[in-house]
Amino acid sequence: MSTKLKETTKVFSYILPVWSLWYLGVLLIIYIISHIFSNEAMSSFFGFTFTANRTYMLVVGIIVMIGFLEWAIGMGVSRKTFFKSVVLTGIITMVMITAIAGIVSSILSFTPFSGDYLFEEDLRYLSETVYVIFHFLSGLLLWAAGLLISASFMRGFWAGMLSVLSGILAITLLLFSEQLLNYLSTLDGMMVYLGLLLMIILIVIYNWILYAVIKNIPIKIR
Amino acid sequence: MTLSIEHVDLNIKKDKILTDISLELEQGKIYGLLGRNGAGKSSLLSLIASYRKTTNGKITLDGKTVYENDAVMKHINFLYNVKDASGETDTVKEYIESGPIYRDDFDTDYGFTLLKTFDIDKDKKISSLSQGQQAAVNAALGLASLSKVTIFDEVTNGMDAPTRELFYSEVLAAKDREERIIILSTHIISEMEHLFDDIIMMHNGKILLHESTDELLEKGYTVAGKAERVRAFTDSKHVINVKFLGALQIDTVLGKLSYEEMDIAADDNLDISPLKLQEMFISLTNSKKEEV
């Protein structure tokens, strides 16, 4: 890993955890309030964060590209290094928020806010491990989609609008993958891994498009 | 160390922004990049700083391509005033302290010394500073970076007169100046001409001239005196600008004076003084004259 990649990733890995802790804190408050006022059965905090995490990754992806690309180039960081750095940052952030949500959920299991089940019921066919891996991968997909949306808008309005469509497509594919995985898990254990492989391929495709968009992206002086 | 710009073009969509730009910039010099609004100064600087890719041509530092080259990009520092800094949450101190993260040569102590010189409170947030103070922080960051290529694009905009004067003296006294290429893009020519070793003048996306300041200013002179005597003196000469101050006429002339002509001027009580860069700039970049 080059020094610049290390330093840039380090800077992002310092900023994003702060944002992520705020996000998880707010989510925890919402979860506890929902628990108090809801009469229906609820998932654990770990399961509760899953859908929200995807939205969070999408939004933060958009913000990171808009807020930091100009800064990075100004600091003498190439677009290629910036790209590698944001991909690594996405992985680190997903690991972090998943781990923290898991730890908080474990602590809550000793309280009245433990939840009635771990995940949403319509994913009952997936094993817990597979679902956590799926959740992790889906976060990375939406992170790439978020970065792609803002990078495309920096390229121009129509490119941006096109990327919004690709973001919607990513979410649709994600919902499809969720159901596909659920279905595959009823067939055969190995088929689930095929489903996860498809997710990885999807992430690679989105990141490849993202790199193509930012490779020669012009920075307009504001 | 040489920064080479070879036959560079920049097209944005269908617009030709820069055409066939070729320059060689050498260390130890302060370059004044002059041009009217829309001449292409910021576009050229954006290319040097890798903010944009050239459409044609190449930019190299010591033979190494600048664009998308981490090892070279870290030696180029492009400073400009951000129009809206309201979103900045960092303090001035944090800005200076983060300098060495990406720039190995960054001198933090020098940065803090410059802040003191510019009378900037380092504990304040960037967003709470006035436009002029933000510009001064930018100036301090640029000078303290000790970057081999340090570019200031209209960085004095918003600074008050005393701060501008301080900036000019700090540029002249910049640390490691002899090993750096400093480029100053500006509109305030009259105040800054004494800083420049070389002048690069741009017009309509092209290089109009690139010469040493001394040689450039030797290319002409101004004649001041009674209107009819000045007119008679400059009658057959290449006058690029005429100004009147009451009964006085001041002509700016391109060309050199012979000893004989100097004697005539003295006999006619005409004042001869060196060419003013600003007048030359205005004359050379006057589109209306071009049309005529």
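Computed from a predicted structure; not experimentally measured.

Analysis parameters
- Residues numbered from 1 in each chain as written.
- Chains lettered and ligands numbered in written order.
- Predicted model: local features only at pLDDT ≥ 70, side-chain atom pairs only at ≥ 80, totals over all residues.
- UniProt positions renumbered as here; feature names shortened; annotations may be inferred.
- Helix = DSSP H or I, 4+ residues; strand = E, 2+ residues; numbered from the N terminus.
- Pairing = 2+ DSSP bridges.
- Axes fitted to C-alpha atoms, helices over the stretch in contact; angles between N-to-C directions.
- Left-handed = near helix turned anticlockwise from the far one by under 90°.
- Contact = placed C-beta atoms within 7 Å.
- Nonpolar A, V, L, I, M, F, W, Y, C, P; charged D, E, K, R; others polar.
- Core = buried A, V, L, I, M, F, W, Y, C linked by C-beta atoms within 7 Å.
- Buried ≥ 20, exposed ≤ 12 C-beta atoms within 10 Å, placed from the backbone.

Student: Explain the UniProt feature "transmembrane region" (unreviewed entry) in chain A to me, please; I cannot follow it from the model alone.
Tutor: Residue and element names in this part refer to chain A. Under the local residue numbering, the UniProt record ascribes the feature "transmembrane region" (unreviewed entry) to residues 12-36, 56-74, 86-110, 130-149, 156-176 and 191-214. The annotated region residues 12-36 carries 100% helix and 0% strand content, and the separation between its end C-alpha atoms amounts to 36 Å. As a span, residues 130-149 carries 100% helix and 0% strand, and end to end its C-alpha atoms are 28 Å apart.

Student: Got a minute to help me understand the pairing of strand β13 (residues 248-254) of chain B in this structure?
Tutor: Consecutive side chains of a regular strand alternate in pointing toward one face of the sheet and then the other. All names here are of chain B. Pairing analysis gives seven bridges linking strand β11 (residues 220-226) to β13, with the strands arranged antiparallel. When the bridges of β13 are listed, threonine 222 appears paired with threonine 252. Where strand β12 (residues 238-245) meets β13, seven bridges bridge the pair, whose relative direction is antiparallel. Directly across from valine 239, in β13, lies its bridge partner valine 253. Linking two consecutive strands that pair antiparallel, namely β12 and β13, is a turn of two residues; a positive phi of about 65 degrees is found at glycine 246 within it.

Student: Any chance you could explain the packing of helix α1 (residues 3-37) of chain A against helix α2 (residues 45-74) of chain A here in plain terms?
Tutor: For any two helices packed against each other, the geometry comes down to the angle between their axes and how far apart the axes lie. All names here are of chain A. Between α1 and α2, the shortest axis-to-axis distance is 10 Å and the interhelical angle comes to 145 degrees. Pair α1 / α2 crosses with right-handed handedness. Contacts between α1 and α2 involve Thr8, Leu16, Trp19, Tyr23, Leu27, Leu28 and Tyr31 from the first element and Phe45, Phe48, Thr49, Ala52, Tyr56, Val60 and Ala72 from the second. A per-class count over the contact of α1 with α2 returns twelve nonpolar, two polar and no charged.

Student: How should the nonpolar core be read in this particular structure?
Tutor: Nonpolar side chains tend to gather and get buried jointly when the protein is soluble and globular. Ranked by size, the top nonpolar core spans 120 residues in total, and within it A:Leu141, A:Ala144, B:Ile48 and B:Ala140 carry the most contacts. Filtering out sequence-adjacent residues up to four positions away, B:Ile48 remains in contact with B:Ile59, B:Val66, B:Ile76, B:Val149 and B:Ile151. With six residues, the next largest nonpolar core counts B:Val230, B:Phe233, B:Val253 and B:Leu270 among its residues.

Student: For this particular structure, what's the right way to read the interface of chain A and chain B?
Tutor: It is common to give the size of an interface as the accessible area that goes away when the parts come together. Of the residues lining the interface, 17 residues belong to chain A; the matching set on chain B comes to 19 residues. The set of elements that each furnish at least two residues to the side of chain A that touches chain B consists of α1, α2 and α3 (79-108) of chain A. By residue number, the principal contributor to the side of chain A that touches chain B is α3(A), which donates three residues. When grouped by side-chain class, the residues that make up the side of chain A that touches chain B number six nonpolar, six polar and five charged.

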